[in-house]
Amino acid sequence: SNEGAESDNDNCEKCHNGGDLLVCDGGDHGGGCGKSYHVECINRESIPEGEWICKACASTLGLKTGIEGHEWEAEEVEEKEEEDQSAPHEEDKGNALVDSDDEDNSNVVD
């Protein structure tokens, strides 16, 4: 069905009917193919409040999920973003490398 790609987005990927559809759009998290699904067709009871992506997009991000796709819950989103920005693990690694380099250098000088 090459007729108007836009109209395809108005129909569910699973049953190909229109209606109240959930769009695969990763939002701030990236991913998202823009395909639409009925909540019932992906075994969900309600439209997720947070960002949502379909099963295929979730798997490309390394997220294991069933047909219901992956949802980032609205509240969790903020916490996760803060963690990413401060990235404590990366800083720890950087300091450790610098420390070991200093020791190696002083050993060499001695």
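Residues numbered from 1 in each chain as written. Predicted model: local features only at pLDDT ≥ 70, side-chain atom pairs only at ≥ 80, totals over all residues. Heavy atoms only, no water.

## Considering the overall build of the chain
Logical step 1: Per the secondary structure count, the chain includes 4 helices and 4 strands.
Logical step 2: Reading the chain from its N end, one meets helices and strands in the order α-β-β-β-α-β-α-α.
Logical step 3: Taking all 110 residues of the chain together, 22% fall into the buried category.
Logical step 4: Excluding contacts between residues fewer than 6 apart, the proportion of contacts in the chain whose partners are at least 24 apart in sequence is 37%.
Logical step 5: A total accessible area of about 8,100 Å² is found for the chain, and carbon and sulfur atoms account for 43% of it. (Helix = DSSP H or I, 4+ residues; strand = E, 2+ residues; numbered from the N terminus. Buried < 20%, exposed > 50% of the residue type's maximum accessible area, 1.4 Å probe, protein only. Contact = heavy atoms within 4.5 Å. Areas by Shrake-Rupley, 256 points an atom, 1.4 Å probe, with all protein chains shown as cover.)

## Things to note about the nonpolar core
Logical step 1: Core analysis: the largest hydrophobic core is formed by 10 residues, namely L22, C24, Y37, I42, W52, I53, C54, C57, A58 and W72.
Logical step 2: For this core, the elements supplying multiple residues, two or more each, are β3 (51-53) and α2 (55-60).
Logical step 3: The contacts of W52, once residues within four sequence positions are left out, are L22, V23, C24, D25, G26, Y37, I42, R44, E68, G69, H70 and E71. (Core = buried A, V, L, I, M, F, W, Y, C linked by side-chain atoms within 4.5 Å.)

## Topic: the packing of aromatic side chains
What characterises a pair of aromatic rings is the spacing of the ring centres plus the angle enclosed by the ring planes.
Logical step 1: One pass over the structure, following the stated rule, counts 1 aromatic pair.
Logical step 2: Between Y37 and W52, the ring centres sit 5.8 Å apart and the planes meet at 70°, which makes this aromatic pair edge-to-face. Highlighted residues: Y37 in strand β2 (residues 36-38) and W52 in strand β3, separated in sequence by 15 residues. (Phe/Tyr/Trp six-rings, centres within 6.5 Å; stacked < 30°, edge-to-face > 60°.)

## Side note on the confidence of the model for the chain
Logical step 1: Put simply, the chain has an average pLDDT of 75, and 59% of its residues get 70 or more.
Logical step 2: Here helix α1 (residues 5-8) is the element of the chain with the lowest mean pLDDT, 46, and β2 is the one with the highest, 96.
Logical step 3: Considering only residues more than four positions removed or in separate chains, one finds that residues 1-8, a stretch of pLDDT under 50, has 1 contact. (pLDDT = per-residue confidence, 0-100.)

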